[in-house]
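Structure at a glance
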Amino acid sequence: MSSGELREPVFWILTSLTGGRQHGYAIIQAVSDLSEGRVALAVTTLYASLERLQKDGLVQGDGDEVVSGRLRRYFAITTEGEQRLADEAARLDAKLRVLRTRLGRATTATAGGAA
């Protein structure tokens with residue numbers, strides 16, 4: 001499992017699963033909702049991502065059911081997946097702290113120069 005930056009679709013897939021187990025179509029909808037429409041997953045992209053996430057131990061299959069003659073495969077985030085999201089949140093927080101500090105200096109420098 002990589003500790004580098006999570007790609008945006010993977011970030012949103014994992015985030016969607018923190019609300020509980022979901023089937024593929026529900027994940028696609030949740031990703032769109034959570035990302036405010038910025039990420040629109042194709043079915044093939046979702047299942048390729050889920051396969052990689054399962055291989056990495058971040059997601060696990062969590063049962064199947066047939067609804068209206070169609071098979072729904074459910075997925076759940078693992079403890080490792082939750083930890084990976086927590087690590088990503090810490091990484092993003094660190095970047096934001098640096099940015100806010102730099103922006104604060106720039107604002108102070110600009111305001112000081114205008115006086």
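1. Observations regarding the pairing of strand β2 (residues 59-67)
As judged from the 7 bridges shared by β2 and strand β3 (residues 70-77), these two strands associate in the antiparallel manner. When the bridges of β3 are listed, E65 appears paired with R72. Remark: 2 residues form the turn of the hairpin made by β2 and β3, two consecutive strands paired antiparallel; S68 in that turn has positive phi of roughly 55°.

2. Some words on the packing of helix α2 (residues 24-34) against helix α3 (residues 43-55)
Helix packing for two helices is described by the angle between their axes and how far apart those axes are. Running from N to C, α2 and α3 point in directions that differ by 105°, and their axes come no closer than 10 Å. In terms of axis orientation, α2 runs roughly perpendicular to α3. Contact residues: G24, I27 and I28 in α2; V43, L46, Y47 and L50 in α3. Here the contact of α2 with α3 is composed, by residue class, of 6 nonpolar, 1 polar and no charged.

3. Some remarks on the sheet that holds β3
As summarised here, the arrangement of the 3 strands in space is β1-β3-β2, forming an open sheet in which the pairing is antiparallel. Two strands close off the open sheet at either side, each with one partner strand: β1 (22-23) and β2. Strand direction decides the pairing type here: β1 and β3, joined by 2 bridges, are antiparallel. Residue pairing in the sheet places Q22 in a bridge with F75 of β3. Contacting β1, β2 and β3, helix α1 (residues 8-17) crosses the sheet at an angle of about 90° to β3.

Conventions adopted
Residues numbered from 1 in each chain as written. Predicted model: local features only at pLDDT ≥ 70, side-chain atom pairs only at ≥ 80, totals over all residues. Heavy atoms only, no water. Pairing = 2+ DSSP bridges. Helix = DSSP H or I, 4+ residues; strand = E, 2+ residues; numbered from the N terminus. Axes fitted to C-alpha atoms, helices over the stretch in contact; angles between N-to-C directions. Parallel < 35°, antiparallel > 145°, perpendicular 65-115°, else oblique. Contact = heavy atoms within 4.5 Å. Nonpolar A, V, L, I, M, F, W, Y, C, P; charged D, E, K, R; others polar.

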